[in-house]
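Below, each chain spelled out in residue letters.
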Amino acid sequence: TVSHYTAEIVRKEYGIEKKKIRVVHNAIEKLKTYRREKPFKDQLVSFVGRVESQKGPEYFFQMAMEILARKDGVRFVMAGKGSLMGIVMDQVSSALIGDKFHFSGFMDRPQVLDLLAMTDVFVMPSDSEPFGLVALEATQMGVPCIVPFQSGISEILLETPKFQAGDSNLMAEQVLELLNNPEYHGSVLAANQD
């Protein structure tokens, strides 16, 4: 399996003996890192993935609402497509935050890397994530992340702030801490890149 998290699910769901399961974490090729200037001055918080229930787009929206109620100068990007896109778009429209919450649609890998190169904090709000490669790519691009305990990537990014899936309050607190505290931001990145 790609993580101990997934191995435990396989063991419980299928009754496979623990000694018969091997964990091999996913990996990515080393990226040439770069930063891109944003076309605006605001800080940027990004989501990249399928806009489906498992990926937690509704929690990303709830987190954004909490952050916007407490801090000016922050924007959010939801990159991806899926069956919940219309629902999240309606929520953004009803909340009158369309100038602070952007939908990019599907992005290919070079476009995702360009987005990460402008991102200040990456959020992976998934309910359950076997691994979570995009968080690893974000970290390699020099972007601090927050990830759920219910993910394989949480086993690799040891210093990354973590939350229980669905806890948009804690997600907002962690993002604000990273946005407001450059020293904490730097220490999280340094620890994860060792």
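From a predicted model like this one, the values you see are computed outputs, not experimental measurements. (Residues numbered from 1 in each chain as written. Predicted model: local features only at pLDDT ≥ 70, side-chain atom pairs only at ≥ 80, totals over all residues. Heavy atoms only, no water.)

(A) Seen up close, the packing of helix H2 (residues 57–70) against helix H6 (residues 168–180). With their axes 8 Å apart at the nearest point, H2 and H6 run at an angle of 55° to one another. Considering their axes alone, H2 and H6 lie oblique with respect to each other. H2 and H6 meet at a crossing whose hand is right-handed. Along the contact surface, H2 presents Tyr 59, Phe 60, Gln 62, Met 63, Glu 66, Ile 67 and Arg 70, while H6 presents Ser 168, Asn 169, Met 171, Ala 172, Glu 173, Val 175 and Leu 176. Grouping the constituent residues of the contact of H2 with H6 by class yields eight nonpolar, three polar and three charged. (Axes fitted to C-alpha atoms, helices over the stretch in contact; angles between N-to-C directions. Helix = DSSP H or I, 4+ residues; strand = E, 2+ residues; numbered from the N terminus. Parallel < 35°, antiparallel > 145°, perpendicular 65-115°, else oblique. Left-handed = near helix turned anticlockwise from the far one by under 90°. Contact = heavy atoms within 4.5 Å. Nonpolar A, V, L, I, M, F, W, Y, C, P; charged D, E, K, R; others polar.)

(B) Looking closely at the sheet that holds strand S6 (residues 162–163). Read across the open sheet, the six strands follow the order S3-S2-S1-S4-S5-S6; overall the sheet is parallel. Two strands lie at the open edges of the sheet, namely strand S3 (101–105) and S6, each paired on one side alone. Pairing analysis gives two bridges linking strand S4 (residues 121–123) to strand S5 (residues 145–148), with the strands arranged parallel. Bridge assignment links Phe 122 to a residue of S5, and that residue is Cys 145. Where helix H3 (residues 85–94) meets the sheet, it contacts strand S2 (74–79) and S3, and its direction lies at approximately 155° from that of S3. (Pairing = 2+ DSSP bridges.)

(C) Quick look at the side chain of Glu 129. For Glu 129, the location among the structural elements is in the loop between S4 and helix H5 (133–140). Among the polar contacts made by the side chain of Glu 129, one reaches the side chain of Lys 55 at a distance of 2.9 Å. (Polar contact = N/O pair within 3.5 Å; in protein donor to acceptor, adjacent residues only side chain to side chain.)

(D) Examining the pairing of S5 more closely. Going residue by residue along S5, you find Cys 145 and Val 147 tucked away on one face and Ile 146 and Pro 148 tucked away on the opposite face as well. Sheet analysis places S5 next to S6, joined by two bridges and oriented parallel. Bridge pairing in S6 places Pro 148 opposite Phe 163. (Buried < 20%, exposed > 50% of the residue type's maximum accessible area, 1.4 Å probe, protein only.)

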